[in-house]
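# Working through the structure, step by step
One-letter residues, chain by chain:
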Amino acid sequence: MSKMMRIDKLISNMGYGSRKEVKSLIKQGEVSVNDILIDNSSVKISPISDIVKIAGEIVEYKEHIYIMMNKPKGYISATEDNMHKTVLDILDEKYLIYRPYPAGRLDIDTTGLLIITNDGDLTHNIISPKKEIVKRYEAYIQGRVGESEIEAFKNGIYLDKEDYHTLPAKLEIIQRGEISKVIVSIKEGKYHQVKRMFESVGMRVIDLKRLSIGWLDLDEDLAEGDYRELEESEINKLIQIK
Ligand code: URA
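Below, the structure is looked at part by part. This one's a predicted model, so the numbers in the text were calculated from it and none came from an experiment.

## Remarks on the nonpolar core
Grouped together as the largest cluster of nonpolar side chains are 48 residues, with contacts concentrated most on Ile7, Val31, Val184 and Phe198. If we ignore the near neighbours within four places in the chain, the residues touching Phe198 are Ile141, Val145, Phe153, Leu171, Val182, Val184, Met203 and Val205. Residues Tyr66, Met68, Leu122 and Leu218 belong to the second largest nonpolar core, which totals 15 residues.

Right, here's the structure in full:
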């Protein structure tokens, strides 16, 4: 059986006003449950099986929200910040009632796949180093990346500030030149990890974009700053992470 919930809380959580405003709607006889008008705000209902209507319109209930964003530069992966715009500033207000937050961080100047959700279990799956979820990044590197860097990444890189040796990482060279284009696959998400791994081998990342998290790829149709809700099959790809 699904979790029971107070009717005024459910309606308020779905963005129809404060608890006080919702109580007043109920008093005015605007709210029905399974087509029976109610006058008591403390009635408990099942958000899954009961049908709630306000003035005859069905209130759609969703507990969780899952958004895929192609994060643009200049925004930080946080829910609030005194200095910078956050990725939540990009979202339409209708999503904010779910109190979403970014599942993991991308640096202010990193672009690409960011999941924004209010599902704590899913967030844990994505960010926990124990899960060893592969995150793939496209990076432009100042200088010629070669076999020695591939080997160094394969062996894991020592990050001295944290006295931490990273898990083996995969480095694929797409284009070698004064500026090289590479794909890096890592299984953790330490602060500035990709940039610091390159720093450790004497190189600098000049541009970084996340392409995928586990089996989930960034939708190529999303321009930087665009976002959309995840489809059921995509949510499953993230939930399947054990
Ligand atoms: N590694 C970095 O250095 N920065 C990011 O934003 C993500 C991974």
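## Let's talk about the packing of aromatic side chains
One pass over the full model with this rule turns up two aromatic pairs. A centroid spacing of 5.9 Å and a plane angle of 80° characterise the contact between Tyr95 and Tyr227, whose relative ring orientation is edge-to-face. Of this pair, Tyr95 sits in helix α3 (residues 93-96) while Tyr227 sits in strand β19 (residues 227-229), and the two are 132 residues apart along the sequence. When its relative accessible area of 11% is taken as the criterion, Tyr95 is described as buried. What makes Tyr227 partly exposed here is its relative accessible area of 22%. Measuring from ring centre to ring centre gives 4.8 Å for Phe153 and Phe198, while their planes differ by 50°; the resulting arrangement is tilted. Of this pair, Phe153 sits in helix α5 (residues 147-154) while Phe198 sits in helix α6 (residues 193-200), placing them 45 residues apart in sequence.

## What about unusual backbone geometry?
Despite not being glycine, Glu132 shows a phi value in the positive range, around 50°. Looking at where Glu132 falls in the secondary structure, it is placed in the loop between α4 (120-127) and β12 (135-142). In this structure Glu132 comes out as partly exposed when scored by relative accessible area, which is 39%. Even without glycine at this site, Asp163 takes up a positive phi of about 50°. Mapped onto the secondary structure, Asp163 falls in the loop between β13 (158-159) and β14 (164-165).

## Overview of the site of the ligand
Residues in close proximity to the ligand include Leu106, Asp107, Thr110, Tyr137, His192, Gln193, Val194, Lys195 and Leu208, which together make up its full environment. Contacts to the ligand include Gln193, whose backbone N or O atom sits 3.4 Å from an oxygen atom. In the complex, the protein chains occlude 96% of the 240 Å² of accessible area that the ligand would expose alone. Looking at side-chain class alone, the shell around the ligand contains four nonpolar, three polar and two charged residues.

## Points about helix α2 (residues 19-27)
Where α2 is concerned, the buried positions are Val22, Leu25 and Ile26. All buried residues of α2 fall inside an arc of 100° around its axis, so they share one side. Those residues of α2 that are exposed and angled more than 90 degrees off the buried face are Lys20 and Lys27. Packing partners of the buried residues in α2 comprise α1 (7-13), β2 (31-33) and β5 (52-54). One or two residues past the end of α2 sits Gly29, with phi positive at roughly 75°.

## Focus on α4
For α4, the complete set of buried residues consists of Leu122, Thr123, Asn125 and Ile126. Viewed along the axis of α4, the buried residues span an arc of 160°, placing them on a single side of the element. Lining the buried residues of α4 we find β7 (66-71), β10 (101-102), β11 (111-117), β12, β17 (204-213) and α7 (232-239).

## With respect to the pairing of β7
Most of β7 is tucked away: six of the six residues are buried. Judged by which residues are buried, β7 turns out to be covered on both faces: Tyr66, Met68 and Asn70 on one side and Ile67, Met69 and Lys71 on the other are all buried. Where β7 lies against β11, six bridges are found, and the strand directions are antiparallel. Residue pairing for β11: Met69 is matched across the bridge by Leu114.

## Remarks on the sheet that holds strand β6 (residues 57-58)
As summarised here, the arrangement of the four strands in space is β3-β2-β5-β6, forming an open sheet in which the pairing is antiparallel. This sheet does not close on itself; its edge strands, each paired only once, are β3 (36-37) and β6. By the bridge criterion, three bridges tie β2 to β5 in an arrangement that is antiparallel. Along β5, the bridge assignment pairs Ser32 with Lys53.

## Here we look at the environment of Glu220
As for its position among the elements, Glu220 is in the loop between β18 (216-217) and β19. When its relative accessible area of 78% is taken as the criterion, Glu220 is described as exposed. Spatially, the C-alpha atoms of Glu220 and Asn70 are 9.0 Å apart, while their sequence positions differ by 150 residues.

Basis of the calculations
- Throughout this description, residue numbers start from 1 for each chain and increase along the sequence as written.
- The model is predicted, so local features are restricted to residues of pLDDT at least 70 and side-chain atom pairs to those at 80 or more, both for listing and for counting; the totals for chains, interfaces and linings are taken over all residues.
- Side-chain calculation: all heavy atoms of the structure are included, whereas hydrogens and water are not.
- To define a nonpolar core, start from buried Ala, Val, Leu, Ile, Met, Phe, Trp, Tyr and Cys residues and group those joined through side-chain atoms within 4.5 Å.
- Note on classification: 1.4 Å probe, protein chains only; a residue is buried when its accessible area is under 20% of the maximum for its type, exposed when over 50%, partly exposed between these limits.
- The contact criterion used is simple: two residues touch if any of their non-hydrogen atoms lie within 4.5 Å.
- Each pair of aromatic rings taken from Phe, Tyr and Trp, with Trp reduced to its six-membered ring, is defined by centres within 6.5 Å and is described as stacked if the planes are under 30 degrees apart, edge-to-face if over 60, and tilted in the remaining cases.
- Strands are runs of DSSP state E lasting at least two residues, helices are runs of H or I lasting at least four, and both sets are numbered from the N terminus onward.
- Here, proximity means that at least one heavy atom of the residue falls within 4 Å of the molecule or strand.
- Each polar contact in these results corresponds to two N or O atoms within 3.5 Å; when the atoms are within protein, one needs to be able to donate a hydrogen and the other to accept it, and residues that are neighboring in sequence are counted only if both atoms are side-chain atoms.
- In this description, accessible areas are obtained by the Shrake-Rupley approach with a 1.4 Å probe, and a residue is regarded as covered only by the protein chains that are shown.
- The residue classification treats Ala, Val, Leu, Ile, Met, Phe, Trp, Tyr, Cys and Pro as nonpolar and Asp, Glu, Lys and Arg as charged. All others, Gly included, are polar.
- Comment: arc refers to directions from the helix axis out to C-beta atoms.
- For two strands to pair, DSSP has to find at least two bridges joining them.

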